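# Summary of the model geometry
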Amino acid sequence: MAAATLLSKIFGYARQATILAAFGTGPVSNAFVAAYVVPSFLLVLLGGVNGPFHSAIVSAIAKRPRKEVAPIIETVTTVTGLFFLVVTIGLIIFAAPVIDAFVPGLRETEVGLSVTRPIAIMLLRIMAPITIFASLIGIGFGSLNADDQYWLPSVSPLISSVAVVAGLGVLRLVLGDRIGDPAYFMVGGVTIAGCTLLGAILQWLVQVPALAKSGLGHLRFRFDIKDPGVRDVLSVLLPAALSSGTLQINTIVDLRFASFVPNSLAALESASLITAMPLGIVSSLVLVPYFPIFSRLSEPAQWPELKRRIRQCLMLISLLMLPASALTVVLAQPIVTVVYRRGAFDAASVQIVTGFLIAYSAGFFVYLARDILVRVFYALGDGTTPFRISTINIILNVILDYILFQSMGIAGLIIATIIVNIASILTMVILLDQQLCGLPILEWTGAIFTIFVASVISGVVCWLTQNGITDLVGTETFIANLVVLCLSGAVGIAAFALLTTVVLKVPETEILTQRIRQKFGR
């Protein structure tokens, strides 16, 4: 599954790189980001692995007999599909005020008001139906994962990326170098939006036969609202949506502030997409397999094993995400150059995205640690506590965004999100300590801090290596940056592996090695 997720993320990069090569960080790219705020939020939140539909479906059907599952899935699909049909119609009708509400900064500049905003309104109307398919995709993901089918849900997101790349490829063949001319801005934006919608539809359609073949429901209307399983799913859905969506909601708040800085939306989105690869891979590698395990250990007699599994999960993401943060901070510029610098994406764009990437990467561990603890609450049948914490954190994020944006600019928005997630983690650990009759918090903290120190050392080694290689090959060409990135990264990873396996002898390294071999060896 991790290999499938990696493949999907690579195609996601290809999509973003294609858009940026054609339009840079100008009006078309910014209009697409502005218009995609709501559809993307719902697609990631509702249709993503570990999203609320995924979590609600898994928790509701994981312990039920197969014959009870299909009616639950069919009813939930019907109810949510009809609800989001209404949402879609609303987005189409009220596209202009929605754009103004989420990205008000577009009205503050002449280009934003006369060029970017009209394109964004049109693109939102085209992509509005994605809200329907987002919920259907999420239900399919959860159903297939609960049935221990991971490959299709993990690999299907690449369909949308392929559709966009193919669409822009055709447009490039038709227009040639004129693709970036202002006269064709609307045509380019409509192409991106139409292909994105097509990709979402196809992403859902490929799940339909797999669900039917596995006995997990067919494509039919069903309204068994009184089914206890349906009520279980619907009752946890809203709390799960707010709890799981904290990061996405905070991202929307960030984009609202960022819209006041010209051409920043596409740059912020580009940096965020780079961070999505390590987060997505580790989420698939660790979080997805552990969530059913947490659910099966919810009884008090099983809590000692549950605590052991929580520690194991936290240590695994520490071993993966803390060194990833250190190396990404050091290698941010060559990463951005290798991934994006071509066509209309110039050196100035590289510098902007690099700064955003450094800020984002500092929060790798806290993003996933928070998700782990939220899943533990769900496994214990408690969706209320994460809901309340998330509500408070959203308010806190708005306050911190306002304060830090004034003093630090857009980087302050990212730092505010990290601070909010740290506060969320601390709160949930304290509450879980009480609910599970004690957690070895000091022991866990010490173990994670040890890995943090090893990550810092590996980052320093990577930085020294980078300086040496840069002196030899420079940073002017794609090949030079690729060499710097690969060699410096490899040395940094080797240093971390040596520290954790030989010097510190962290026991979870063996588990991690076995899991990576199993997942990527399939």
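Source: prediction; values computed, not measured. (Residues numbered from 1 in each chain as written. Predicted model: local features only at pLDDT ≥ 70, side-chain atom pairs only at ≥ 80, totals over all residues. Heavy atoms only, no water.)

### Focus: the overall build of the protein
Helix and strand counts for the protein stand at 23 helices and zero strands. Considering only contacts in the protein between residues 6 or more positions apart, those separated by 24 or more positions represent 83%. Within the structure as shown, the protein displays about 20,900 Å² of accessible surface, and the carbon and sulfur contribution to it stands at 69%. (Helix = DSSP H or I, 4+ residues; strand = E, 2+ residues; numbered from the N terminus. Contact = heavy atoms within 4.5 Å. Areas by Shrake-Rupley, 256 points an atom, 1.4 Å probe, with all protein chains shown as cover.)

### Describing the nonpolar core
Residues V286, F294, I317, M321 and Y340 are the most contacted members of the largest nonpolar core, which totals 140 residues. The dominant element in this core, judged by the number of residues it contributes, is helix α16 (residues 303-340), at 21 residues. Beyond its immediate stretch of four places on either side in the chain, F294 contacts L306, R309, I310, C313, I372, R375, V376 and A379. (Core = buried A, V, L, I, M, F, W, Y, C linked by side-chain atoms within 4.5 Å. Buried < 20%, exposed > 50% of the residue type's maximum accessible area, 1.4 Å probe, protein only.)

### A closer look at helix α21 (residues 441-473)
Taking 1.5 Å of rise per residue, 33 residues should cover 48 Å, and α21 covers 47 Å from first to last C-alpha, within 8% of that figure. Contact partners of the buried residues in α21: α16, α18 (364-379) and α22 (478-503). (Expected span 1.5 Å × (residues − 1).)

### Topic: the pattern of salt bridges
Side chains that differ in sign of charge can pair as their charged atoms come close. In this structure the tally under the stated criterion is six salt bridges. Taking the shortest distance from any N to any O, the salt bridge between D100 and R117 comes out at 2.7 Å. Placement of the pair is D100 in helix α6 (residues 95-102) and R117 in helix α7 (residues 110-127), with a sequence separation of 17 residues. Here R172 makes a salt bridge to D177, at a shortest N to O gap of 3.9 Å. One continuous salt-bridge network, built from bridges that share partners, spans E305, R308 and R309. (Salt bridge = Lys/Arg side-chain N within 4 Å of Asp/Glu carboxyl O.)

### Looking at the environment of L314
Within the fold, L314 resides in helix α16. Residue classification places L314 among the buried positions, given a relative accessible area of 9%. Here the alpha-carbon distance between L314 and R370, two residues 56 residues apart in the chain, equals 9.8 Å. Residues contacting L314, with those up to four places away along its chain left out, are F365, A369, I372 and W444.

### Thoughts on the layout of surface pockets
Counted as a void, the second largest pocket has a volume near 740 Å³. For the lining of the second largest pocket, the element with the most residues is α21, which contributes nine residues. (1 Å grid on protein atoms, 1.4 Å probe; cavity = no way out; pocket = protein on both sides within 12 Å on 5 of 7 lines; lining within 4 Å. Points joined across faces, edges and corners; volume = space filled by probe spheres on them.)

### Things to note about the packing of aromatic side chains
Summed over all chains, the structure comprises seven aromatic pairs. With a centroid separation of 5.7 Å and 55° between ring planes, the pair formed by F257 and F405 is classed as tilted. Taken together, the residues span a long stretch of sequence, with F257 in helix α14 (residues 246-258) and F405 in helix α19 (residues 384-408) at a distance of 148 residues. Residue classification places F257 among the buried positions, given a relative accessible area of 17%. On the basis of relative accessible area, F405 is assigned to the buried category, the value being 17%. (Phe/Tyr/Trp six-rings, centres within 6.5 Å; stacked < 30°, edge-to-face > 60°.)

These figures capture arrangement, not role.
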